[in-house]
Amino acid sequence: MGEMVVAGYGMDKALRASVSFDTPCGALLRELEQIWTEIGEREQDKDRMFLELETECMRVYRRKVDSANAERAQLRQSLMAKEAELKALVASIGENGPRFTVDEKHTSLKDQLAAVTPLLEDLRAKKQDRIKQISNVQSQIEKIKAQISDHNYQDSDGSVKQLNDDHDLSTRRISDLQMQLRNLQKEKSDRLQKVFIYVDEVHCLCAVLGMDFAKTVKEVHPSLHGANSENSTNISDKTLEGLTQTILKLKAEKKTRVLKLQETVEKLHKLWNLMESTEQERIHFSEVAAVLGSTEEEINSPGILSLETIQETEEEVERLTIQKASRMKELVLKKRLELEVICRNAHMEPDMSTAPEKIIALIDSGLVDPCELLSSVEVQITKANEESLTRKDIMERVDKWLSACDEETWLEEYNQDDNRYSAGRGAHLNLKRAEKARITVQKIPTMIDNLIAKTFAWEDERNVPFLYDGVRLVAILEEQKLRRAQREEDRRRCRDQKKLHSLLLKEKELIFGSKPSPKKTSSFNRRTSNHHPNANGTGFMTPVPRRVSAGSATPELLTPRSYSGRYNNYFKENRRLTTAPLNFSVGSKEDSMSSFASISGSEPDSPLFLH
């Protein structure tokens, strides 16, 4: 038809006749021309109708060409858009290669579109996968960041932009995000592990301290107790800081309670040892008692540092303290009795500061610790034992002297016995004893002098007076020397009176030639023998020690008779146990020293005068 139009446009009749009838359009023109010829159309009309037909065909062709141009332009635009999208996808995904390019020289537009479309669909699918993958990784990243920051992450808008950003969907970006995710997951794991360690430490501390673990950790964060999964456990900096502060507070509280309990247990141990408590009585507090020898790290038993345990231990200490006061009273009094026995055996006076009545009053008042009283009495016992050892030599000499005095008393009584020479049973034994007693009695003055010298040496060495049952021994000995001298004088006077009496009798015999009646002589002898009121009818006087004050030592020594009846048989009476205490205090020592100085300076019969 195109050929026909081209040939028929402006064609003349000769040319129209040459139109090829091989084409459908040429055949139709020929048939149309024959019809017109048969009809009888004129040539001009035929030309006009052919021209109109040609114009109408041109309009159809033009429409077809325009439509084809439009389709081609659309195809080109679509191809360009898809190629641009393809390039963008390739650039975004980062997978550039020959399989994503189209040969534009040897293929039509439709072929190019057909080649681009599957590539584009493939890249679109891959893009969606990449977006989904990146979105998933970013979601996990943001979730972990939110957990670490305790849901305070402020870059939520940026996170959405990153999820919708399709300009960089490369594997490099995915690798970077996955690396970031792994780092965050590691940090989360480290934080979670640290949280678990802190929570476990808090649990151990709460168990030891007897505190409520759930309440303690919930104050830090509610998710730390009763969490069902790791994701529900808060791992933020605030939680870690809260756990750290809680652990520090619990450790400080533990240290305080350990010190308090150890102090209480130390008191408990002292009370147990002091009260000699049995194992049965101690078994209830055996676990608590082990705290004393343990370090703070070793004390991990549940409830060992609870307030109830500490209070129970303190109550036990208070109970034992009350019992101790009663038992300590008995123990101190027992020690005091031991002191008195030592002092009595050594003829010393115990310290009046620990007298039984004072001990009872002090313990009952609670002003003094019974242990201090016990220690004081034990110190006094030690001092008494030490002083007893220093007095041992002198006390042995005193015992020998007193034994000699006893022998002297026996000898005097033996000499007054008129039947001592009878042949009765045991007479020869008494005679032998009398012979030994006479030898011993002759040594008494030497014993006294040696004892005085020893006593003075002891006093000079220690610069304190030597007291015997509270009386200075030198004063006793000096008084005994005076009394022995006075007794010898009385005996001499008695012998002189007997001689005078014998002379008078002889004179009467010469004058009257008769002897006095035995009755009168007996009466005279009795008067003579009873010369001294304290001679016990024999003329013998026992040693009479006296308590000598500092100011009256010399007058008492010079006037011994005024005290002879009062202190008769003094040493025999003082061999029994006495309750008189000996004061080792500083004040009493100073008084004794003043007395010692006064006596030693005023006694005319001291060793300075005797020797």
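Residues numbered from 1 in each chain as written. Predicted model: local features only at pLDDT ≥ 70, side-chain atom pairs only at ≥ 80, totals over all residues. Heavy atoms only, no water.

The protein chain is annotated in an unreviewed UniProt entry as 65-kDa microtubule-associated protein 6 of Sorghum bicolor. Quoted verbatim from the Sequence similarities (unreviewed entry) heading of the UniProt record, the comment on the protein chain is "Belongs to the MAP65/ASE1 family." (UniProt positions renumbered as here; feature names shortened; annotations may be inferred.)

Caption draft 1: Structural view of the overall build of the protein chain. What the protein chain contains, in helices and strands, is 22 helices and 2 strands. A burial count over the protein chain gives 36% of its 611 residues as buried. Considering only contacts within the protein chain whose residues lie at least 6 apart along the sequence, 75% involve residues at least 24 apart. With an accessible surface of roughly 36600 Å², the protein chain has 53% of that area assigned to carbon and sulfur atoms. (Helix = DSSP H or I, 4+ residues; strand = E, 2+ residues; numbered from the N terminus. Buried < 20%, exposed > 50% of the residue type's maximum accessible area, 1.4 Å probe, protein only. Contact = heavy atoms within 4.5 Å. Areas by Shrake-Rupley, 256 points an atom, 1.4 Å probe, with all protein chains shown as cover.)

Caption draft 2: Here's a closer look at the nonpolar core. Membership of the largest hydrophobic core comes to 36 residues, with the highest contact counts inside it found for Val195, Val202, Leu224, Leu243, Leu261, Ile304 and Leu305. At the level of secondary structure, the elements contributing two or more residues to this core comprise helix H5 (109-148), helix H7 (171-209), helix H8 (213-220) and helix H9 (237-275). Of all the elements, H7 adds the most residues to this core, at 12 residues. Those residues within four positions of isoleucine 304 in sequence are excluded, and the remaining contacts are Val208, Leu261, Glu287, Val288, Val291, Ile299 and Thr309. By size, the runner-up hydrophobic cluster in this structure holds 26 residues, among which are Leu402, Tyr414, Ala434 and Ala437. (Core = buried A, V, L, I, M, F, W, Y, C linked by side-chain atoms within 4.5 Å.)

Caption draft 3: Quick peek at the confidence of the model for the protein chain. Per-residue pLDDT for the protein chain has a mean of 76; in total, 75% of the residues score no lower than 70. Low pLDDT (under 50) marks residues 1-12, which in the prediction has 22 contacts with non-local residues, meaning those over four places away or in another chain. Confidence drops under pLDDT 50 across residues 518-611; counting only partners more than four residues distant or on other chains, this segment forms 170 contacts. (pLDDT = per-residue confidence, 0-100.)

Caption draft 4: Geometry of the environment of leucine 373. For leucine 373, the location among the structural elements is in helix H14 (residues 370-415). Apart from residues no more than four positions distant in its own chain, leucine 373 is found in contact with Val332, Ile359, Leu362, Ile363 and Val368.

Caption draft 5: A look at the UniProt feature "coiled-coil region" (unreviewed entry) in the protein chain. Here the UniProt-annotated "coiled-coil region" (unreviewed entry) positions come out as residues 58-92 and 167-194. Taken end to end, residues 58-92 comprises 100% helix and 0% strand; its first and last C-alpha atoms sit 49 Å apart. In the segment residues 167-194, helix accounts for 86% and strand for 0%; the C-alpha atoms at its two ends are 39 Å apart.

Caption draft 6: Expanded view of the packing of helix H16 (residues 444-462) against helix H17 (residues 473-512). In contact at an axis separation of 10 Å, H16 and H17 are set at 155° when each is read in the N-to-C sense. By the criterion of interaxial angle, the relationship of H16 to H17 is roughly antiparallel. Seen along the crossing, H16 lies across H17 with a hand that is left-handed. The residues of H17 that touch H16, namely those facing Ile444, Ile448, Asp449, Leu451, Ile452, Thr455, Phe456 and Glu459, are Leu473, Val474, Leu477, Glu478, Lys481 and Arg484. Class assignment of the residues belonging to the contact of H16 with H17 gives a composition of 8 nonpolar, 1 polar and 5 charged. (Axes fitted to C-alpha atoms, helices over the stretch in contact; angles between N-to-C directions. Parallel < 35°, antiparallel > 145°, perpendicular 65-115°, else oblique. Left-handed = near helix turned anticlockwise from the far one by under 90°. Nonpolar A, V, L, I, M, F, W, Y, C, P; charged D, E, K, R; others polar.)

Caption draft 7: Highlighting the environment of phenylalanine 466. With respect to the helices and strands, the residue phenylalanine 466 is situated in the loop between H16 and strand S1 (467-468). In this structure the C-alpha to C-alpha distance between phenylalanine 466 and threonine 455, which are 11 residues apart in sequence, comes to 6.7 Å. Not counting chain neighbours up to four residues away, the residues in contact with phenylalanine 466 comprise Arg391, Ile394, Met395, Thr455, Trp458, Glu459, Val471, Arg472 and Leu473.

Caption draft 8: Representation of the environment of leucine 467 in the model. One can find leucine 467 in strand S1. According to the relative accessible area criterion, leucine 467 is partly exposed, its value standing at 22%. Considering only alpha carbons, one finds leucine 467 and methionine 348, 119 residues apart in sequence, at a separation of 6.9 Å.

Caption draft 9: Structural context of the pattern of salt bridges. Inspection of the entire model under this criterion finds 34 salt bridges. The residue lysine 335 makes a salt bridge to glutamate 338 at a minimum N-O spacing of 3.8 Å. Taken as a pair, lysine 335 and glutamate 338 lie in helix H12 (residues 307-345) at a separation of 3 residues, close to a single helical turn. You can call glutamate 338 partly exposed: its relative accessible area is 35%. The partner of glutamate 412 in a salt bridge is arginine 491, with the nearest N and O atoms 2.7 Å apart. Note that glutamate 412 is positioned in helix H14 and arginine 491 in helix H17, a separation of 79 residues in sequence. (Salt bridge = Lys/Arg side-chain N within 4 Å of Asp/Glu carboxyl O.)

Caption draft 10: Focus on the packing of aromatic side chains. Here the structure, examined in full by the defined rule, presents 3 aromatic pairs. The interplanar angle of 80° and the centroid separation of 4.9 Å between the aromatic rings of tryptophan 36 and phenylalanine 50 together place this pair among those described as edge-to-face. Linking tryptophan 36 in helix H3 (residues 24-39) with phenylalanine 50 in helix H4 (residues 43-93), this pair joins segments that are 14 residues apart in sequence. Across the pair, phenylalanine 50 and tryptophan 36 agree in class, each one buried. Geometrically, the ring pair formed by tryptophan 410 and tyrosine 414 is stacked, given 5.0 Å between the ring centres and 10° between the ring planes. Pair noted here: tryptophan 410 and tyrosine 414 are both in helix H14, with a separation of 4 residues, about one helical turn. Here the two residues tryptophan 410 and tyrosine 414 agree in accessibility, since each one is buried. (Phe/Tyr/Trp six-rings, centres within 6.5 Å; stacked < 30°, edge-to-face > 60°.)

Caption draft 11: Looking closely at unusual backbone geometry. Even without glycine at this site, asparagine 463 takes up a positive phi of about 60°. Note on placement: asparagine 463 falls in the loop between H16 and S1. Of note, the phi angle at aspartate 469 is positive, near 55°, even though the residue is not glycine. Given a relative accessible area of 5%, aspartate 469 falls into the buried group.

Caption draft 12: Region of interest: the state of the cysteines. Applying the stated criterion to the full structure yields 0 disulfides. Cysteine 204 takes part in no disulfide bond, and the closest cysteine sulfur, belonging to cysteine 206, lies 9.4 Å away. (Disulfide = S-S within 2.5 Å.)

Caption draft 13: Seen up close, H7. When the terminal C-alpha atoms of H7 are compared, their 55 Å separation across 39 residues agrees well with the 57 Å that a helix rising 1.5 Å per residue should span. Just downstream of H7, glycine 210 is the residue with a positive phi angle, here 70°. (Expected span 1.5 Å × (residues − 1).)

Caption draft 14: Representation of a nonpolar patch on the surface within the structure. A grouping of Leu500, Leu503 and Leu504 is seen on the molecular surface, where their side chains present a nonpolar patch of about 280 Å² in accessible area. With respect to the helices and strands, leucine 504 occurs in helix H17. (Patch = residues over 30% accessible without salt bridge, like charges linked within 9 Å, V, L, I, M, F, W, Y side chains within 5 Å.)

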